[in-house]
Each structure stands twice: as C-alpha cells, then as structure tokens.
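Observations on the model geometry
Listed here are the chains, written in short residue letters.
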Amino acid sequence: VIDTGIGIPQEDLNKIFMPFVQLDSSHARKYEGTGLGLALSKELVELHGGSIWVESETGKGSTFTFKLPVCK
C-alpha cells in the first residue's frame, strides 16, 4: 500500500506497529484512530508466516509492504 500523505519520521518507524500507539497523541491531533490497525495487520501477517514493513519519508508518504509464504 502506497500513500502520498504526511509520512512517518524515521525515529518513529519502530513504533508504528505497536498496539495502541499513536505517533501524535496530543489532544489537538489531526488524525483519528485507535492505533490498532497496523498492529492487527502485523499480527495477522506473522500468524501466516509472513512479514510486514514500512518505508517512509516525511512529507512525501509511506509504503507498507508485506510478504506471505506460498503453500503448495
């Protein structure tokens, strides 16, 4: 999944898949959410033997990629 949003600062990339973590937790934050979507996605991907990661550049957007093993 690729977006052209606000991006994620490099120092916050290690937090992005943690449950209930929101990078902007201030009362005046602009973006909604519970902080569970990416944590659940990571859990589901890993339960299927896969991996998920993000690459991002502040001000340019993010790319979320996952891989799942193929069963024969």
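Refer to the structure above for everything that follows.
An account of the accompanying structure is given in this report. Please read all numbers here as calculations on a predicted model, not as lab measurements.

Conventions and cut-offs
Residues numbered from 1 in each chain as written. Predicted model: local features only at pLDDT ≥ 70, side-chain atom pairs only at ≥ 80, totals over all residues. Heavy atoms only, no water. Helix = DSSP H or I, 4+ residues; strand = E, 2+ residues; numbered from the N terminus. Buried < 20%, exposed > 50% of the residue type's maximum accessible area, 1.4 Å probe, protein only. Contact = heavy atoms within 4.5 Å. Areas by Shrake-Rupley, 256 points an atom, 1.4 Å probe, with all protein chains shown as cover. Salt bridge = Lys/Arg side-chain N within 4 Å of Asp/Glu carboxyl O. Pairing = 2+ DSSP bridges. Axes fitted to C-alpha atoms, helices over the stretch in contact; angles between N-to-C directions.

1. Here we look at the overall build of the protein
In terms of helices and strands, the protein carries one helix and three strands. Secondary structure elements of the protein, listed N to C terminal, follow the sequence β-α-β-β. A total of 72 residues make up the protein; the buried ones form 21% of that total. Counting only contacts in the protein whose residues sit at least 6 apart along the sequence, the fraction spanning at least 24 positions is 43%. Roughly 5,700 Å² of accessible area belongs to the protein as shown, and the carbon and sulfur atoms make up 60% of that amount.

2. Brief notes about the pattern of salt bridges
Per the counting criterion, the structure on display carries three salt bridges. Among the salt bridges present, the one from Glu57 reaches Lys60, with a minimum N-O distance of 3.9 Å. Glu57 gets classed as partly exposed once you look at its relative accessible area, which sits at 44%. Judged by relative accessible area, Lys60 falls into the exposed class, the value being 57%.

3. Let's talk about the pairing of strand S3 (residues 61-67)
Where strand S1 (residues 2-3) meets S3, two bridges bridge the pair, whose relative direction is antiparallel. By the bridge assignment, Asp3 is partnered in S3 with Ser62. Strand direction decides the pairing type here: strand S2 (residues 51-57) and S3, joined by seven bridges, are antiparallel. Each bridged residue has a counterpart across the sheet, and for Glu57 the counterpart in S3 is Gly61. The antiparallel hairpin formed by S2 and S3 contains three residues in its connecting segment, where Gly59 sits at a positive phi of about 85°.

4. Regarding the environment of Gly7
Mapped onto the elements, Gly7 comes out in the loop between S1 and helix H1 (37-47). Each C-alpha atom, one on Gly7 and one on Lys60, is 5.7 Å from the other, the two residues being 53 residues apart in sequence. In contact with Gly7, not counting residues within four places along its chain, are Ser56, Glu57, Thr58, Gly59, Gly61 and Ser62.

5. Brief notes about the sheet that holds S2
The three strands are arranged S1-S3-S2 in an open sheet whose pairing can be described as antiparallel. Two strands in the sheet have a free side with no partner beyond their single neighbour: S1 and S2. Helix-sheet contacts for H1 involve S2 and S3, and the interaxial angle to S2 is about 140°.

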